[in-house]
Amino acid sequence: MGQDLEKVLVTEEEIKARLAEMGAQIDADYAGKDLLIVGVLKGAVMVMADLARALHSPVAMDWMAVSSYGAGTTSSGVVRILKDLETDIKDRDVLIVEDVIDSGLTLSWLVGNLKSRGPKSVEICTMVRKPLAFDVDLDVKYIGFDLPNEFIIGYGLDYAEKYRNLPFIGTLAPHVYEK
């Protein structure tokens, strides 16, 4: 990474430990239920894979891709479905898995969209929440880490499609995105 990384906020070990805790809580909360976990592409790939491995209950998995970001650092405000679910969620318990919640606008739209399809429940799990950046009231049931409103990368989080593969979460040096 060289000088692109400013600092590490959450280490790989901290992520693994928190995912184990979240997995245990999700297992307890959904014991005996037909849970579908829905990863939001592309950022949630790392979280979804590691969370699924942390779960000890059988779960089904599906993916959605929605977009409100370009190559920039803030939401565009316009949400588009790029890839929809392949699974019928009517009467299912659905857990949306996200990498980060910034403004909450895209996720709020997604929750409304999924609830319109008749599921038994829709809850949210995110690796990172930036509570100071929230523009909407959003109930998030499972939160990995609350982090400051800084531009973060790693563990699925990207800038211009780069840095997702880092095993930790850190801040991107401003010289990278202030070009």
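Source: prediction; values computed, not measured.

What counts as what
For every chain, the first residue of the written sequence is number 1, and numbering continues from 1 along that sequence. Selection of residues for local features in this predicted model requires a pLDDT of at least 70, selection of side-chain atom pairs for listing and counting requires 80 or more, and totals for whole chains, interfaces and linings are taken over all residues. Calculation of side-chain values draws on the structure's entire complement of heavy atoms; hydrogens and water are dropped beforehand. You can read pLDDT as the predictor saying how much it trusts each residue, on a scale of 0 to 100. We count a stretch as a helix when DSSP gives it H or I for four or more residues in a row; a strand needs E for two or more, and each element gets its number in order from the N terminus. Any two strands with at least two DSSP bridges between them are considered paired. Throughout, an axis means a line fitted to C-alpha atoms (over the contacting stretch in the case of helices), and angles, computed between N-to-C directions, take values from 0 to 180 degrees. In summary, the pairing rule links any two rings of Phe, Tyr or Trp, Trp by its six-membered ring, whose centres are within 6.5 Å, and it sorts them by plane angle into stacked for under 30 degrees, edge-to-face for over 60 and tilted for everything else. Each residue gets one of three labels from its accessible area relative to the maximum for its type: buried under 20%, exposed over 50%, partly exposed in between, using a 1.4 Å probe on protein chains only. Charge counting treats Lys and Arg as positive and Asp and Glu as negative, with His and both chain ends excluded. A pair is scored as a salt bridge if a Lys or Arg side-chain nitrogen falls within 4 Å of a carboxyl oxygen belonging to Asp or Glu. Polar contact is the term for a pair of N or O atoms within 3.5 Å; when the atoms are in protein, one must be able to donate a hydrogen and the other to accept it, and sequence-neighboring residues count only if both atoms are side-chain atoms. Handedness rule for crossovers: strands pointing away from the viewer, path from the first strand over the helix to the second running clockwise, crossover right-handed.

Draft legend 1. Broad picture of the confidence of the model for the chain. Across the chain, the average pLDDT comes to 92, with 93% of residues at 70 or higher. No element of the chain has a lower mean pLDDT than helix α4 (residues 174-177), which averages 88, and none a higher one than helix α1 (residues 12-29), which averages 98.

Draft legend 2. Fine view of the sheet that holds strand β7 (residues 142-146). Pairing in this open sheet of six strands is mixed, and the strands run β4-β3-β2-β5-β6-β7 from one edge to the other. Each end of this open sheet is capped by a strand with a single partner; those strands are β4 (80-83) and β7. Here the strands of the sheet are splayed against their neighbours by 30° on average, with no regard to which way each runs. Bridge count for strand β3 (residues 60-67) against β4 is three bridges, and the pairing is antiparallel. Each bridged residue has a counterpart across the sheet, and for Ser67 the counterpart in β4 is Arg80.

Draft legend 3. Fine view of the packing of aromatic side chains. Under the definition given, this model contains three aromatic pairs. Look at Phe151 and Tyr159: their rings are 5.6 Å apart centre to centre, the planes differ by 85°, and that puts the pair in the edge-to-face class. Take Phe151 and Tyr159: they sit in the same class, and that class is buried. Through a chain of ring-to-ring contacts, three or more aromatic side chains come together here, namely Phe151, Tyr159 and Tyr177.

Draft legend 4. Structural view of the side chain of Asp93. Its place among the elements puts Asp93 in strand β5 (residues 93-101). Buried and unpaired, Asp93 has Lys120 as its nearest opposite-charge partner, separated by 4.6 Å. Within the structure, the side chain of Asp93 is placed 2.6 Å from the side chain of Ser121, a separation counted as a polar contact.

Draft legend 5. Structural detail: the sheet that holds strand β9 (residues 169-172). With respect to topology, three strands assemble into an open sheet ordered β1-β9-β8, the strand pairing being antiparallel. Each end of this open sheet is capped by a strand with a single partner; those strands are β1 (5-10) and β8 (152-153). Across four bridges, the pairing between β1 and β9 is antiparallel. Within the sheet, the bridge partner assigned to Leu5 lies in β9 and is Leu172.

Draft legend 6. Up close: the pattern of salt bridges. Per the stated rule, a full pass over the model turns up 14 salt bridges. Put simply, Arg53 and Asp50 hold a salt bridge, and the shortest N to O gap is 2.4 Å. One end of the pair, Arg53, and the other, Asp50, are both in helix α2 (residues 45-54), three residues apart, so they sit about a helical turn from each other. Glu86 serves as the salt-bridge partner of Lys83, at 3.6 Å between the closest nitrogen and oxygen. We classify Lys83 as partly exposed; its relative accessible area is 25%. Residues joined by salt bridges that share partners form a network here, namely Lys42, Asp158, Glu161 and Arg164.

Draft legend 7. Just the pairing of strand β2 (residues 35-41), in detail. Within β2, six of the seven residues are buried, which leaves the element mostly enclosed by the surrounding structure. As paired strands, β2 and β5 are joined by five bridges and run parallel to one another. Each bridged residue has a counterpart across the sheet, and for Gly39 the counterpart in β5 is Val97. Of the strand pairs in this sheet, β2 and β3 are connected by six bridges, and their pairing is parallel. Bridged to Ile37 within β3 is Met61. Chirality of the crossover, the property in question, places the unit of β2, α2 and β3 among those that are right-handed.

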